[in-house]
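Structural overview for review
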Amino acid sequence: MMEERREFERYQVPIPCTLYWHGHIIKGQISNLSLGGALITRLSAIPPEHAFVVLTFQAEEGQVQLRGELTSRVIHTLTESPEQGEIGSIGVQFQDPIEKVSSQLIPVFRALDEEDH
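All of these numbers come straight from a predicted model, not from anything done at the bench.

Right, let's get into the overall build of the chain. When you go through the chain residue by residue, the secondary structure sums to 1 helix and 6 strands. Reading the chain from its N end, one meets helices and strands in the order β-β-β-β-β-β-α. A burial count over the chain gives 43% of its 117 residues as buried. Within the structure as shown, the chain displays about 7400 Å² of accessible surface, and the carbon and sulfur contribution to it stands at 49%.

Set out below in structure tokens:
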């Protein structure tokens, strides 16, 4: 059995997002999100592994409206079959200081917790 190594709780979320990488604009969807990073799926293109990207998204969960812009690094990629209409998915690890990430994401997590109750 594999040991859980995640440092932060993950939230399953369907949030449309945009990745910016060296002048490229890549559309996708955040599938799960934590203070440490995110899994991005439904990508229109995949930046190379270890690329530094900027992830932007807007969430409207209850009263929360958030524009997040977090500088991130691609830590792994997964290529899908083109017949499925998706290029693949990537995991990003946030590179910004935890204080900046927390200030932007904690309101979203609170709204998600309220939805669950």
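Of all hydrophobic cores here, the largest spans 26 residues; its most connected members are Ile 30, Leu 33, Ile 40 and Leu 55. Sorting the residues of this core by element identifies strand E1 (11–21), strand E2 (24–33), strand E3 (37–41), strand E4 (52–61), strand E6 (88–94) and helix H1 (98–116) as the ones contributing at least two each. Here this core takes 6 residues from E1, the largest share from any one element.

Turning next to the pattern of salt bridges. Going through the model one piece at a time under the given rule, you end up with 1 salt bridge. Of the charged contacts in the structure, one is a salt bridge between Asp 96 and Lys 100, with a shortest N-O distance of 3.8 Å. The exposure class of Asp 96 is buried, given its relative accessible area of 15%. Classification of Lys 100 by relative accessible area gives partly exposed; the value is 37%.

Okay, the packing of aromatic side chains next. Across all of its chains, the model carries 1 aromatic pair by this definition. Measuring from ring centre to ring centre gives 4.3 Å for Tyr 11 and Phe 109, while their planes differ by 10°; the resulting arrangement is stacked. Of the two residues, Tyr 11 is situated in strand E1 and Phe 109 in helix H1; the sequence distance between them amounts to 98 residues. Residue classification places Tyr 11 among the buried residues on the basis of a relative accessible area of 11%.

So, about the confidence of the model for the chain. The share of residues in the chain with pLDDT of 70 or more is 70%, and the mean pLDDT across the chain is 77. Within the chain, strand E5 (residues 64–79) has the poorest average pLDDT of any element, 57, and E2 the best, 92. Across residues 61–67, confidence stays below pLDDT 50; counting only partners more than four residues off in sequence or on other chains, it has 18 contacts.

Attention shifts here to unusual backbone geometry. The backbone of His 22 shows a phi angle near 45°, a positive value even though the residue is not glycine. Among the secondary structure elements, His 22 is positioned in the loop between E1 and E2.

A cluster of acidic side chains, namely Glu 9, Asp 113, Glu 114 and Glu 115, defines a negative patch on the protein surface. Looking at the element boundaries, Asp 113 is found in helix H1. With a relative accessible area of 31%, Asp 113 lands in the partly exposed category.

On to the pairing of E2, then. Taken across its 10 residues, E2 has 7 buried, putting it largely inside the fold. Taken together, the 9 bridges between E1 and E2 define a ladder with antiparallel strand orientation. Residue Gln 12 lies in a different strand from E2, and its bridge partner there is Asn 32. The loop that links E1 with its antiparallel partner E2 comprises 2 residues; one of these, His 22, has a positive phi angle of about 45°. Two elements, E2 and E3, share 4 bridges in a ladder whose sense is antiparallel. Bridge pairing in E3 links Leu 33 to Ala 38. Taking the residues that link successive antiparallel strands as the turn, the E2-E3 hairpin has 3 residues.

Conventions we followed
- Residues numbered from 1 in each chain as written.
- Predicted model: local features only at pLDDT ≥ 70, side-chain atom pairs only at ≥ 80, totals over all residues.
- Heavy atoms only, no water.
- Helix = DSSP H or I, 4+ residues; strand = E, 2+ residues; numbered from the N terminus.
- Buried < 20%, exposed > 50% of the residue type's maximum accessible area, 1.4 Å probe, protein only.
- Areas by Shrake-Rupley, 256 points an atom, 1.4 Å probe, with all protein chains shown as cover.
- Core = buried A, V, L, I, M, F, W, Y, C linked by side-chain atoms within 4.5 Å.
- Salt bridge = Lys/Arg side-chain N within 4 Å of Asp/Glu carboxyl O.
- Phe/Tyr/Trp six-rings, centres within 6.5 Å; stacked < 30°, edge-to-face > 60°.
- pLDDT = per-residue confidence, 0-100.
- Contact = heavy atoms within 4.5 Å.
- Patch = residues over 30% accessible without salt bridge, like charges linked within 9 Å, V, L, I, M, F, W, Y side chains within 5 Å.
- Lys, Arg positive; Asp, Glu negative; His and termini not counted.
- Charge placed at Lys NZ, Arg CZ, Asp CG, Glu CD.
- Pairing = 2+ DSSP bridges.

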